[in-house]
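These are the residues of each chain, in order.
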Amino acid sequence: MAGIYLHIPFCRQACHYCNFHFSTSLRYKNEMVAALLKEMELSLDYLPDPTIETIYFGGGTPSLLPSDDLAKLLSRLRELYKLAGDAEITLEANPDDINKEKLLGWKVAGINRLSIGVQSFHDYDLQWMNRAHNAKQALHSLEQALDIFKNISIDLIYGTPALTNEKWKNNVDTALSLGIPHLSCYALTIEPKTPLQKMINLGHSKTVDPELQSAQFVLLMDWLNAAGYEHYEISNFAKPGWRSRHNSSYWQGKPYLGLGPSAHSFDGTSRQWNIANNNKYIDSVSKGSLPFEKEELTAVQRLNEFIMISLRTMEGLDLRKINGIDVERLLESSQKYIHNGLMIYENDTLVLTTEGRLLADGIAAELFA
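Summarised in this report is the structure supplied together with it. Here, residues in each chain are numbered from 1, in the same order as that chain's written sequence. With pLDDT at 70 or above as the cut-off, local features in this predicted model cover only qualifying residues; side-chain atom pairs require 80 or more to be listed or tallied, and sums for whole chains, interfaces and linings still use all residues. Hydrogen atoms and water are omitted, and side-chain values are computed over all heavy atoms in the structure.

1. A closer look at the sheet that holds strand β15 (residues 349-352)
Next, step 1: Whether two strands pair comes down to DSSP finding at least two bridges between them. Numbering of helices and strands runs from the N terminus; a helix is a DSSP stretch of H or I covering at least four residues, while a strand is a stretch of E covering at least two. The sheet built from three strands is open, its strands ordered β13-β15-β14 with antiparallel pairing. Both outer strands of the open sheet, β13 (317-318) and β14 (343-346), are each paired with one neighbouring strand and no more.
Next, step 2: Relative to β15, β13 runs antiparallel, the two sharing two bridges. The residue bridging Asp 318 from the neighbouring strand is Thr 349, located in β15.
Next, step 3: Two residues qualify as a contact provided that any one of their heavy atoms is within 4.5 Å of a heavy atom in the partner residue. Each axis is a line fitted through C-alpha atoms, and for a helix only the stretch in contact is used; angles between axes span 0 to 180 degrees, taken between their N-to-C directions. Sheet contacts for helix α12 (residues 324-339): β13, β14 and β15; angle to β14, the most-contacted strand, approximately 130°.

So, in structure tokens, the structure goes:
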């Protein structure tokens, strides 16, 4: 089975840390929806398996779209593709967009999972990030959402300059007290060409402290493990049975189709990505042409991607899925990490320990072919 991702490139305002493709103007919203509908038709033959297991509205801020537009997009997907009966359909939403009317509209449209961009329950941190909501809105939006949706995830950011361990614990405890079944938690990164990078370069903000970030990640793992959450991917924690099926498909190497400007697609052997320009995307698609670049992946690239995404998961890197020559090399290269307590080898599988997860990307890179 496969998944479909729709990139909705609109935001109410620009967060200081974000380097995703978006516009703060909704001027061409109608044209964008029409282009997405057209791209669905142009991409009908892309996926090797026509059955769609998951749909994900990301961005940007897809919750800015009227419910009627979301319903229109989902209706057309159902007409063109074969949706699994239990398909997971996720909408990314911001707290400032959430109210009872919208929640009911999303449910009627067919959304059955929400991913809510909370980031913090502290006003100072939200203002520093330039988020459009405040802490009170964050709490109220989650209380309202939980009345209508059960499958809810929230995003939290740690490692910001002013986030003490005490405030970080308060953020996590607040999520736990609400019974949120899924948390995606990310260390703040300083992306190139973002307002945050400029603020730091000009001395208007402190930079991030890697030691503080590592400490807060360790605390996070301890707290959520004690609360019964599965740490099923480096940045993702879920109560048993509440994993994100869409994101899990990425880490399992399943094919997916990306619709919208800057959206990426993967068919199993190649990767392609749409142009990151709203007007050029709309113009090209309206003329029946897909504006994308494509990369055919070599056997080595596919292996390295498999190593990277597998080591990020709690299931680890299953060596039975790799040919013999590479298995020998991987076992030899991993010995120092096993010896140092950063990795465990059992049942033909390499799994990172809690300490190893702090160095996941570096360890994966060392194991690359």
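Additional details are given in the paragraphs that follow.
2. Quick notes on the layout of surface pockets
Next, step 1: A 1.4 Å probe that fits into a set of points on a 1 Å grid over the protein atoms alone but cannot get out defines a cavity; an open set with protein on both sides within 12 Å along at least five of seven lines defines a pocket, and lining residues are those with an atom within 4 Å of a point. Grid points are joined across faces, edges and corners, and a volume is the space filled by probe spheres set on the points. Roughly 270 Å³ of internal volume is contained in the second largest pocket.
Next, step 2: Lining of the second largest pocket is provided by Tyr 232, Arg 243, Ser 248, Trp 251, Gln 252, Phe 306, Ser 310, Thr 313, Glu 315, Gly 316, Asp 318 and Lys 321.
Next, step 3: Where the lining of the second largest pocket is concerned, the elements lending two or more residues are α9 (245-251) and α11 (299-311).
Next, step 4: Residue classes follow a fixed rule: Ala, Val, Leu, Ile, Met, Phe, Trp, Tyr, Cys and Pro count as nonpolar, while Asp, Glu, Lys and Arg count as charged, and any other residue, Gly among them, counts as polar. Tallied by class, residues from the lining of the second largest pocket come to three nonpolar, five polar and four charged.

3. Here we look at unusual backbone geometry
Next, step 1: Omega for the peptide link from Gly 59 to Gly 60 comes to 20°, which places this bond in the cis form.
Next, step 2: In this structure, Gly 60 sits in the loop between β2 (51-59) and α2 (67-80).
Next, step 3: Positive phi, normally seen in glycine, also occurs at Asn 130, with a value near 65°.
Next, step 4: Looking at where Asn 130 falls in the secondary structure, it is placed in the loop between α4 (123-129) and α5 (135-148).
Next, step 5: Although it is not a glycine, Asn 347 sits at a positive phi angle of roughly 55°.
Next, step 6: Counting through the fold element by element, Asn 347 comes out in the loop between β14 and β15.

4. Describing the pattern of salt bridges
Next, step 1: Only one rule defines a salt bridge in this text: a Lys or Arg side-chain nitrogen within 4 Å of an Asp or Glu carboxyl oxygen. Considering all chains together, one arrives at 20 salt bridges under this definition.
Next, step 2: Close ionic contact of Arg 12 with Asp 97 constitutes a salt bridge, the shortest N to O distance being 2.1 Å. Of this pair, Arg 12 sits in the loop between β1 (2-8) and α1 (29-42) while Asp 97 sits in the loop between β3 (82-93) and α3 (100-109), placing them 85 residues apart in sequence.
Next, step 3: Relative accessibility under 20% of the residue-type maximum defines a buried residue, over 50% an exposed one, and the middle range a partly exposed one, all with a 1.4 Å probe and only protein chains included. Overall, the relative accessible area of 45% leaves Arg 12 in the partly exposed class.
Next, step 4: Residue Asp 97 is classed as buried on the basis of its relative accessible area, which comes to 3%.
Next, step 5: Salt bridges sharing partners connect three or more residues here, namely Glu 53, Asp 86, Arg 245 and Lys 254.

5. Brief notes about the packing of α11 against helix α14 (residues 360-367)
Next, step 1: Packing of α11 against α14 leaves a shortest axis separation of 9 Å and a crossing angle of 150°. Compared by their axis directions, α11 and α14 come out roughly antiparallel. Crossing of α11 against α14: the hand is right-handed. In contact with Ile 307, Met 308 and Leu 311 of α11, α14 contributes Asp 361, Ala 364 and Leu 367.
Next, step 2: Grouping the amino acids of the contact of α11 with α14 by side-chain chemistry returns five nonpolar, no polar and one charged. Working definition: roughly parallel below 35 degrees, roughly antiparallel above 145 degrees, roughly perpendicular at 65 to 115 degrees, and oblique for all remaining angles. Handedness of a crossing follows from how the near helix is turned relative to the far one, being left-handed for an anticlockwise turn of less than a right angle and right-handed for a clockwise one.

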